[in-house]
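Structural features, examined
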Amino acid sequence: MHNSSAYRMRVKENIRMVDPACHDTVMQLTLASPDGADVRSFTAGQYVRLAIPGVKEPAAGYFAIASGPESLSSYQFYIKNAGPLSAYLCDMQAGAELEVEGPMGKGFDLNTHKGKDVYLIGVGTGIAPLRSLWNHIICHRSDFGKVAIYAGFRTAMHQMLTDELAELASHDIEVSITLEAGHDSWDGPIGYVQHALENDAPDGSHAVACLAGMSAMVDACTETLHHLGFDESCILLNY
């Protein structure tokens, strides 16, 4: 469902998601309809185009929806301060308005993959569309076999959603966190998510993988998944 005309949404809240000592800023931006109506329906993994009303610079940008498609009271996004638009978005206060287009993109459509094992693989703010997807899977957990998430972050201070990821075990969802740089009390994988995947060597014969993040990581993980027997048609990107 894509209506090309832009519409206005209002900031409901904007919360810092990473350790205050972390030099990178990542915010959880929540947008709602100004009149309190439900937001437009979407498929997990879809994204919207956000623009500052009435200005050409900074230019608009695309952000994946991080909230689940079953929850239409608002859209949530993870915004990393990494440029003029994201810097503006990270500073927005409740009540401010943005121009929105979408949702758009193909998202992660698991309708043809029911009964399979599902692997969600992402790094950094690439976890946003995966969070939308795991919320959707929780609502339909019996439709799938094993569900496992492989998330990568630069350091412990960059790690997001720690509590939420820890709670996924109660929904029979396995979580593996990889840090590029470990620390003294860290006993999980260190390096890149594709290495954690290689080490665990999941069986790709009756499975689907959903990837989100930087293209170098997506390419490396795709290669690993091919080695593990994942068919090309079962390696999904959200765009």
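From a predicted model like this one, the values you see are computed outputs, not experimental measurements.

In this section: the sheet that holds strand E1 (residues 7–16). As summarised here, the arrangement of the six strands in space is E4-E3-E6-E1-E2-E5, forming an open sheet in which the pairing is antiparallel. Edge positions in the open sheet fall to strand E4 (61–64) and strand E5 (75–80), since each of these has one partner strand only. Mean inter-strand twist for the sheet, computed between neighbouring axes without regard to direction, equals 40°. One ladder, built from six bridges, connects strand E2 (residues 26–32) with E5; its direction is antiparallel. The partner of Gln-28 across the bridge, within E5, is Tyr-78. Across the sheet, helix H2 (residues 127–139) lies against E2, E4 and E5, angled at about 155° from E5, the strand it touches most.

Take the packing of aromatic side chains next. Counted by the stated rule, this structure contains four aromatic pairs. Plain terms: the ring middles of Phe-42 and Tyr-75 are 5.7 Å apart, the flat faces sit at 80° to each other, and that makes the pair edge-to-face. With a gap of 33 residues between them, Phe-42 in the loop between E2 and strand E3 (47–51) and Tyr-75 in strand E5 connect regions that are remote in the sequence. The class for Phe-42 is buried, based on a relative accessible area of 8%. Ring centres of Tyr-119 and Phe-230 lie 5.8 Å apart, and the angle between their planes is 80°; on these two criteria the pair is classed as edge-to-face. On the criterion of sequence distance, the pair formed by Tyr-119 in strand E7 (residues 117–123) and Phe-230 in the loop between helix H5 (215–227) and strand E11 (235–237) is long-range, its members being 111 residues apart. Classification of Tyr-119 by relative accessible area gives buried; the value is 2%. Among the aromatic residues, those joined into a ring-pair cluster are Phe-42, Tyr-75 and Phe-77.

Once that is clear, we can look at the side chain of Lys-116. Relative to the helices and strands, Lys-116 resides in the loop between strand E6 (97–104) and E7. One buried charge, Lys-116, has no salt-bridge partner; the nearest side chain with opposite charge is Asp-231, at 7.6 Å. Ignoring any residue separated from it by four or fewer positions in sequence, one finds Lys-116 in contact with Phe-144, Gly-145, Lys-146, His-206, Ala-207, Val-208 and Cys-234.

This brings us to the nonpolar core. In this structure, Tyr-78, Leu-110, Leu-120, Ile-127, Trp-134 and Met-160 are the most contacted members of the largest nonpolar core, which totals 34 residues. Within the residue set of this core, elements represented by two or more residues are E7, H2, strand E8 (147–153), strand E9 (173–179) and strand E10 (207–212). Looking at this core, the element that brings in the most residues is H2, giving six residues. If near-sequence neighbours (up to four positions away) are discounted, Met-160 is found in contact with Met-17, Val-18, Val-26, Tyr-78, Ile-127, Phe-153 and Leu-165. With 23 residues, the next largest nonpolar core counts Phe-42, Phe-63, Leu-72 and Ile-79 among its residues.

Before going further, it helps to spend a moment on the pairing of E6. Residues in a regular strand project their side chains so that they alternate between the two faces of the sheet. Extensive coverage of E6 is indicated by the burial of six of its eight residues. Note: E3 against E6, four bridges, orientation antiparallel. Looking at the pairing, Leu-50 lines up with Val-100 of E6.

A few words on the packing of helix H4 (residues 193–200) against H5. Relative orientation of the contacting elements H4 and H5 amounts to 10°, with a least axis distance of 9 Å. By the angle class used here, H4 and H5 are roughly parallel. Residue-level contacts link Val-193, Gln-194, Leu-197 and Glu-198 of H4 to Met-217, Ala-220, Cys-221, Thr-224 and Leu-225 of H5. For the contact of H4 with H5, the per-class residue count stands at six nonpolar, two polar and one charged.

Moving on: the sheet that holds E7. One open sheet holds the five strands; their spatial order is E9-E8-E7-E10-E11, and the pairing between them is parallel. Taken across any chain shown, the strands that pair with only one partner, and hence form the sheet edges, are E9 and E11. Taken over all neighbouring pairs, the strand axes of this sheet differ in orientation by 20° on average, direction set aside. Direction of pairing for E7 relative to E10: parallel, over a ladder of six bridges. For Tyr-119, the partnering residue across the bridge sits in E10 and is Ala-209. H2 contacts E7, E8, E9 and E10 of the sheet and is inclined by roughly 155° relative to E7. Most of the contacts of H4 go to E8, to which it runs at about 145°, and overall it touches E7, E8 and E9.

Rules used in this analysis
Residues numbered from 1 in each chain as written. Predicted model: local features only at pLDDT ≥ 70, side-chain atom pairs only at ≥ 80, totals over all residues. Heavy atoms only, no water. Pairing = 2+ DSSP bridges. Helix = DSSP H or I, 4+ residues; strand = E, 2+ residues; numbered from the N terminus. Axes fitted to C-alpha atoms, helices over the stretch in contact; angles between N-to-C directions. Contact = heavy atoms within 4.5 Å. Phe/Tyr/Trp six-rings, centres within 6.5 Å; stacked < 30°, edge-to-face > 60°. Buried < 20%, exposed > 50% of the residue type's maximum accessible area, 1.4 Å probe, protein only. Lys, Arg positive; Asp, Glu negative; His and termini not counted. Salt bridge = Lys/Arg side-chain N within 4 Å of Asp/Glu carboxyl O. Core = buried A, V, L, I, M, F, W, Y, C linked by side-chain atoms within 4.5 Å. Parallel < 35°, antiparallel > 145°, perpendicular 65-115°, else oblique. Nonpolar A, V, L, I, M, F, W, Y, C, P; charged D, E, K, R; others polar.

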